[in-house]
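Now for the letters of each chain:
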Amino acid sequence: MDRSQQNTHAKLVARDIHRLTPSPTEANCFSVGGISWVSRVETVGTIVSRDMAEKFLKFNVDDGTGCVTCIMWLNQLTSPYFNRFSSSTILMHSRVARRQARNIRIGAVARIRGRVGLYRGVMQITVTNVVMERDPNAEILHWLECVRLSRSCYRIQS
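What counts as what
- Residue positions are given per chain, counted from 1 along the sequence in the order it is written.
- This being a predicted model, a pLDDT of at least 70 is required before a residue's local features are given, and a value of 80 or more before pairs of side-chain atoms are given or counted; all residues contribute to the totals for chains, interfaces and linings.
- Each side-chain value is derived from all of the structure's non-hydrogen atoms; neither hydrogens nor water enter the calculation.
- The pairing test for Phe, Tyr and Trp rings, Trp by its six-membered ring, is centres within 6.5 Å, and the orientation test on the planes gives stacked under 30 degrees, edge-to-face over 60, and tilted for anything in between.
- Burial classes follow relative accessibility: with a 1.4 Å probe on protein chains only, a residue under 20% of its type's maximum area counts as buried, one over 50% as exposed, and anything between as partly exposed.
- By definition, any uninterrupted DSSP run of H or I lasting at least four residues is a helix, any uninterrupted run of E lasting at least two residues is a strand, and each is numbered from the N terminus.
- What qualifies as a polar contact is a pair of N or O atoms within 3.5 Å, subject to a donor-acceptor requirement within protein and to the restriction that residues adjacent in sequence count only when both atoms come from side chains.
- Should any heavy atoms of two residues lie within 4.5 Å, those residues are considered in contact.
- One less than the residue count of a helix, multiplied by 1.5 Å, gives the span that helix is expected to have.
- Directions from the helix axis toward the C-beta atoms define the arc.
- For two strands to count as paired, DSSP must find a minimum of two bridges between them.

Trainee: What am I meant to see in the packing of aromatic side chains here?
Mentor: The geometry of an aromatic ring pair is captured by two quantities: the separation of the ring centres and the angle between the planes. On inspection of all chains with the given rule, the structure shows 4 aromatic pairs. Between tyrosine 81 and phenylalanine 82 the ring centres are 5.0 Å apart and the planes differ by 90°, which places this aromatic pair in the edge-to-face class. For phenylalanine 82, a relative accessible area of 14% puts it in the buried group. Summarising the aromatic geometry, the rings of phenylalanine 82 and phenylalanine 85 are spaced 5.8 Å apart at their centres and angled 40° between planes, so their arrangement reads as tilted. A network of ring pairs unites the aromatic residues Tyr81, Phe82 and Phe85 as a single cluster.

Trainee: Please explain the side chain of aspartate 63 as it appears in this structure.
Mentor: For aspartate 63, the position within the fold is in the loop between strand 6 (56–62) and strand 7 (67–73). In terms of polar contacts, aspartate 63 uses its side chain to reach the backbone amide nitrogen of alanine 14, at 2.8 Å. Engagement of the side chain of aspartate 63 in a polar contact is seen with the side chain of threonine 65, the distance being 2.7 Å. Here aspartate 63 is in contact with Val13, Ala14, Thr43, Val44, Gly45, Glu139 and Trp143, once residues within four sequence places are set aside.

Trainee: Please clarify how helix 2 (residues 87–103) should be interpreted in this entry.
Mentor: The α-helix advances 3.6 residues per turn, and as a result positions three or four apart in sequence lie on the same side. The first and last C-alpha atoms of helix 2 sit 25 Å apart over 17 residues, in line with the 24 Å expected at 1.5 Å per residue. Among the residues of helix 2, Ile90, Ser94, Ala97, Gln100 and Ala101 are the ones counted as buried. Burial along helix 2 is one-sided: seen end-on, the buried residues are contained in an arc of 135°. Among the exposed residues of helix 2, those pointing more than 90 degrees away from its buried face are Ser88, Arg95 and Arg102. Against the buried residues of helix 2 lie strand 5 (40–52), strand 6, strand 7 and strand 9 (122–132).

Trainee: How should I be thinking about the pairing of strand 7 in this particular structure?
Mentor: Two faces, one strand: in a regular strand the side chains alternate between the faces of the sheet. Most of strand 7 sits out of view: 5 of its 7 residues are buried. Here 7 bridges tie strand 6 to strand 7, and the two strands are oriented antiparallel to one another. In the sheet register, phenylalanine 56 faces strand 7, and the bridge partner there is tryptophan 73. Linking two consecutive strands that pair antiparallel, namely strand 6 and strand 7, is a turn of 4 residues; a positive phi of about 95° is found at glycine 64 within it. When strand 7 meets strand 9, the two strands line up parallel, connected through 3 bridges. Within strand 9, the residue paired with cysteine 70 across the bridge is isoleucine 125.

This is the structure:
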């Protein structure tokens, strides 16, 4: 299988994210259409729910083909995962995550990038980047790009 897409953000709609198949040998690696492997995705949609907790923000993005659950971690200052980074890097990550979390509002259209994974049997995105879209055509342009890429690159069957 083609691993050239594994470390890039594959542009997918929610329907295709939910159709990803886990790799039997590699953690956090998923098959797209049985041809390519991905671990990171990008999607665009409307934020339809938002649940803020102390350590994370959980929200759902609906792009018209389905909803994808997204998790944005906000515990950079207390998580042992970040101990390997310098304190200035941890502080920067924390500030960026909190600023992005404040901008996430129900009804807004957002471009979400992150690592795809299974949690309790359901696909979700662990968010690394959120951009609030101002262009009213952003969602349909993303759809068109996904269709083009699914045919030419990912070889996803409709």
